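# Analysis of the macromolecular model
Below are the chains, spelled out letter by letter.
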Amino acid sequence: MPTAFLNFIDGRPVESREMAQDINPSNTADVVGEFARASRKDLDDAIAAARQAFPKWSKTTPQERFDVLDRAGTEILARKDELGRQLAREQGKPVVDGTMEAVRAGMIFKFFAGEAVRMTGDRVDSTRPGVDVEVTREPLGVIAAITPWNFPLAIAAWKLAPALAFGNTVVFKPAELVPWSPWAIADIVQRAGLPPGVLNLVMGPGSVIGPALASSTDVDAVTFTGSQDVGPSVAAAAVAAGSRVQLEMGGKNPLVVLDDADLATAVGIAVNGAFFQAGQRCTASSRLIVTEGIHDRFVDAMVERMKKLVIDDALKPGIDIGPCVDGKQLEKNLSYVEIASREGGRLVAGGGRLTRETDGFYMEPALFTETTADMRINKEEVFGPVASVMRVKNYDEALAVANATPYGLSAGIATTSLKYARDFKRNSSSGLVMVNLPTAGIDYHVPFGGRKKSSYGPREQGSYARDFYTVIKTAYTS
Ligand code: NAD
């Protein structure tokens, strides 16, 4: 019998009538565990518990909140190997990436422990004599946190840690597909010393629990990371309920490769950004925009490098890429290989399903050339290891093509020219810009987020996170 993992509400584990299986995508015979599926009543209980716990938790001292978050960070870091391995097992990313994600999650808790005690306000001179003005930040209330399956440790951390650090209570709804990692984060934070009701976990179907949570008038703010398909409906529901809302969604991220780029650097960051973690990163570089002087050399070097990629069971040491997260994602990726071929793209590497020792969702990364900006492959997020090359004349055309997308999450450039690097940083329409670095891969202490259709509302992470998780008060004293 697989182990059963329950929701917890008001500090207690809660049995569910329905359970869902968490399957290892590298080996579908391996069941990671059985996970509770919350009912509407569970959700209502969770929101009520968070509401009830708020007055007391919001009045705790920064030191008390520091202690809880710091203990949680310490436990996450101490268990990084176990957390990383379990993440690899249930999601399919290589163990080394899983472990790095666990470290990131631990560091985020440590960072926001510090933010709790670093909270400041302003004392401002009044325009009137004899009056003092103070601007202070206060906890917002009950936060609904809705997260995706691709970074289940890190994204849980970058929402729960600031919410709790600034004195809010939380109802946490992770994606059903990869539930162990968010369950483990919630369990660690709970045991680090949270009073009952401060953090409530409701694992359950997104289509049922998600809209009910986003539209609840008993919630004060909704922080959502996920797809462009779902995000706008979450925002509409939250606004109708009078809640503050923040969305981080998908991307169609460009990597520009200029004639003067160091070829090995360009290929390294393109392969990493486009294909690692099976392309299942919101910051993946799926559009490779290459100037004509380096185009053929770049494509040849990409194809050579791709032949050497090791694609296998996520738990095996030394692999580069694991499986796709599930059969649905694999089918979607393969369908985009077909779509791109039909549209006139030339498949120069990969693109097929792979078989390995165990039954899993393996795919060889696909590279297309001769693609144009109007093709679906260059407009729609695949969320798989599929990248397309667009040939351009020069830097100006590259920049224009890079920006010609409704998305705006991450954009990269490979160049040895300071002039072009500087211009790209200034004129890219993305929230993140990478020079000679993969479009994916971020620090934990600075803001993260996109522009245009990739993002809505204030930034996440770093000290900027406080803008979402606190509410401002202006007080006048005579
Ligand atoms: P998704 O939109 O399908 O689901 C995200 C979360 O929303 C899950 O918890 C899901 O259960 C829930 N949900 C589903 N339907 C809902 C509804 N109607 N109302 C409310 N909640 C609902 O996304 P996913 O497949 O889990 O994740 C992949 C997507 O996430 C990709 O598009 C990727 O680009 C994006 N992503 C963005 C970032 C970022 O920070 N920009 C980071 C990681 C992933």
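### Digging into the overall build of the protein
Tallying secondary structure elements over the protein gives 14 helices and 23 strands in all. Taking 23 Å as the expected radius of gyration for a compact globule of 478 residues, we find that the protein reaches 23 Å, a close match to that expectation. Each principal axis of the C-alpha distribution contributes one length, and for the protein these read about 70 × 70 × 40 Å. Out of the 478 residues in the protein, the part that is buried amounts to 58%. Accessible area for the protein stands at about 19,000 Å²; split by element, carbon and sulfur atoms hold 53% of it. On the protein, the mean spot of the 53 positive side-chain charges and the mean spot of the 57 negative ones are 3 Å from each other.

### Considering unusual backbone geometry
Non-glycine residue Gln 277 carries a positive phi angle of around 55°. Topologically, Gln 277 is positioned in the loop between helix H9 (263-275) and strand S14 (285-291). On the basis of relative accessibility, which here comes to 9%, the residue Gln 277 falls in the buried class. The phi dihedral of Glu 370 is positive, around 55°, even though this residue is not glycine. You can see Glu 370 is positioned in the loop between strand S18 (366-369) and strand S19 (386-392). Of the residues examined, Glu 370 reaches a relative accessible area of 38% and is grouped as partly exposed.

### Things to note about the packing of helix H4 (residues 95-118) against helix H5 (residues 154-165)
Here H4 crosses H5 at 10°, and the two axes come no closer than 9 Å. It follows that H4 is roughly parallel to H5 by the angle criterion. Viewed along their axes, H4 and H5 form a crossing whose handedness is right-handed. Each of Glu 101, Arg 104, Ala 105, Ile 108, Phe 109, Phe 112 and Ala 116 in H4 lies in contact with H5, whose residues at this interface are Ala 154, Ala 157, Trp 158, Leu 160, Ala 161, Pro 162 and Ala 165.

### A short note on the pattern of salt bridges
Enumeration according to the criterion identifies 27 salt bridges in this entry. Between Glu 460 and Lys 159 there is a salt bridge, with its nearest N and O atoms 2.9 Å apart. Here Glu 460 is found in the loop between strand S22 (455-456) and helix H14 (466-469), whereas its partner Lys 159 is found in helix H5, with 301 residues between them in sequence. Each member of the pair, Glu 460 as well as Lys 159, carries the same accessibility label: buried. Within this structure, Glu 75, Arg 79, Glu 82, Asp 187 and Arg 191 form a network of salt bridges that share partners.

### Quick word on the sheet that holds strand S7 (residues 132-139)
As summarised here, the arrangement of the 3 strands in space is S6-S7-S23, forming an open sheet in which the pairing is antiparallel. Each edge of the open sheet is held by one strand with a lone partner, namely strand S6 (122-125) and strand S23 (470-477). The mean angle between the axes of side-by-side strands here comes to 25°, regardless of whether they run parallel or antiparallel.

### What about the side chain of Asp 326?
Secondary-structure assignment places Asp 326 in the loop between helix H10 (292-307) and helix H11 (327-342). Among the polar contacts made by the side chain of Asp 326, one reaches the main-chain amide nitrogen of Gln 329 at a distance of 2.9 Å. Every residue in contact with Asp 326, bar those within four places of it in the chain, is listed here: Leu 177 and Phe 361.

### What about helix H6 (residues 180-191)?
Across its 12 residues, H6 extends 16 Å between first and last C-alpha, which sits within 8% of the 16 Å expected from 1.5 Å per residue. Residues of H6 that are buried: Trp 180, Ser 181, Pro 182, Trp 183, Ala 184, Ile 185, Ala 186, Asp 187, Ile 188, Val 189 and Gln 190.

### Describing the site of the ligand
In the neighbourhood of the ligand, 26 residues make up the surrounding shell, with Thr 147, Trp 149, Ser 227, Met 249 and Glu 381 lying closest. One of the side-chain nitrogen or oxygen atoms of Trp 149 is found 2.9 Å away from an oxygen atom of the ligand. At a separation of 2.7 Å, an oxygen atom of the ligand approaches a polar side-chain atom of Glu 381. The fraction of the free accessible surface of the ligand (850 Å²) that becomes covered by protein chains is 88%. Elements represented by at least two residues in the shell around the ligand include exactly helix H7 (206-214) and strand S11 (221-225). Looking at which element gives the most residues to the shell around the ligand, the answer is H7, with 3 residues. Its residues assigned to classes, the shell around the ligand comprises 15 nonpolar, 8 polar and 3 charged.

### A few points about the side chain of Ser 454
Along the polypeptide, Ser 454 turns up in the loop between strand S21 (432-435) and S22. If we ignore the near neighbours within four places in the chain, the residues touching Ser 454 are Leu 247, Glu 248, Met 249, Gly 250, Gly 251, Tyr 407, Gly 408 and Leu 409.

### A look at the sheet that holds strand S1 (residues 4-5)
Strands sit in the order S1-S5-S4 across an open sheet of 3 strands; the sheet is mixed. Each end of this open sheet is capped by a strand with a single partner; those strands are S1 and strand S4 (18-23). Sheet topology note: the S4/strand S5 (residues 31-37) ladder contains 6 bridges and is antiparallel. Bridge assignment links Met 19 to a residue of S5, and that residue is Ala 36.

### Some remarks on the nonpolar core
A general tendency of soluble globular proteins is for nonpolar side chains to be buried together. Of all hydrophobic cores here, the largest spans 68 residues; its most connected members are Phe 109, Phe 112, Phe 172, Trp 183 and Ile 185. With 10 residues, the top contributor of residues to this core is H5. The contact partners of Trp 183, leaving out residues within four places of it in the chain, are Phe 5, Leu 6, Phe 8, Phe 35, Leu 201 and Met 203.

### Here's the deal with the environment of Ile 23
Topologically, Ile 23 is positioned in strand S4. Since its relative accessible area comes to 30%, Ile 23 is described here as partly exposed. In this structure, the C-alpha to C-alpha distance between Ile 23 and Glu 90, residues 67 residues apart in sequence, is 6.3 Å. Among all residues touching Ile 23, those that are not within four sequence positions of it are Thr 28, Asp 30, Val 31, Val 32 and Glu 90.

### Notes on the packing of aromatic side chains
Inspection of every chain in the model, using the stated rule, returns 9 aromatic pairs. Ring centres 6.4 Å apart and planes at 85° place the aromatic pair Phe 112 and Phe 166 in the edge-to-face group. In this pair, Phe 112 is assigned in helix H4 and Phe 166 in the loop between H5 and strand S9 (169-173), connecting sequence segments 54 residues apart. Comparing Phe 112 with Phe 166 shows no difference in burial state: the two are buried. Joined through ring pairs, the aromatic side chains of Phe 111, Phe 112, Phe 166 and Tyr 444 make up one cluster. When the ring centre of Phe 111 is taken as reference, the NZ or CZ atom of Arg 118 above it lies at 5.4 Å.

Conventions we followed
Residues numbered from 1 in each chain as written. Predicted model: local features only at pLDDT ≥ 70, side-chain atom pairs only at ≥ 80, totals over all residues. Heavy atoms only, no water. Helix = DSSP H or I, 4+ residues; strand = E, 2+ residues; numbered from the N terminus. Rg over C-alpha atoms; globule rule 2.2 N^0.38 Å. Buried < 20%, exposed > 50% of the residue type's maximum accessible area, 1.4 Å probe, protein only. Areas by Shrake-Rupley, 256 points an atom, 1.4 Å probe, with all protein chains shown as cover. Lys, Arg positive; Asp, Glu negative; His and termini not counted. Charge placed at Lys NZ, Arg CZ, Asp CG, Glu CD. Axes fitted to C-alpha atoms, helices over the stretch in contact; angles between N-to-C directions. Parallel < 35°, antiparallel > 145°, perpendicular 65-115°, else oblique. Left-handed = near helix turned anticlockwise from the far one by under 90°. Contact = heavy atoms within 4.5 Å. Salt bridge = Lys/Arg side-chain N within 4 Å of Asp/Glu carboxyl O. Pairing = 2+ DSSP bridges. Polar contact = N/O pair within 3.5 Å; in protein donor to acceptor, adjacent residues only side chain to side chain. Expected span 1.5 Å × (residues − 1). Near = heavy atom within 4 Å. Nonpolar A, V, L, I, M, F, W, Y, C, P; charged D, E, K, R; others polar. Core = buried A, V, L, I, M, F, W, Y, C linked by side-chain atoms within 4.5 Å. Phe/Tyr/Trp six-rings, centres within 6.5 Å; stacked < 30°, edge-to-face > 60°. Lys NZ or Arg CZ within 6 Å of the ring centre and 35° of its normal.

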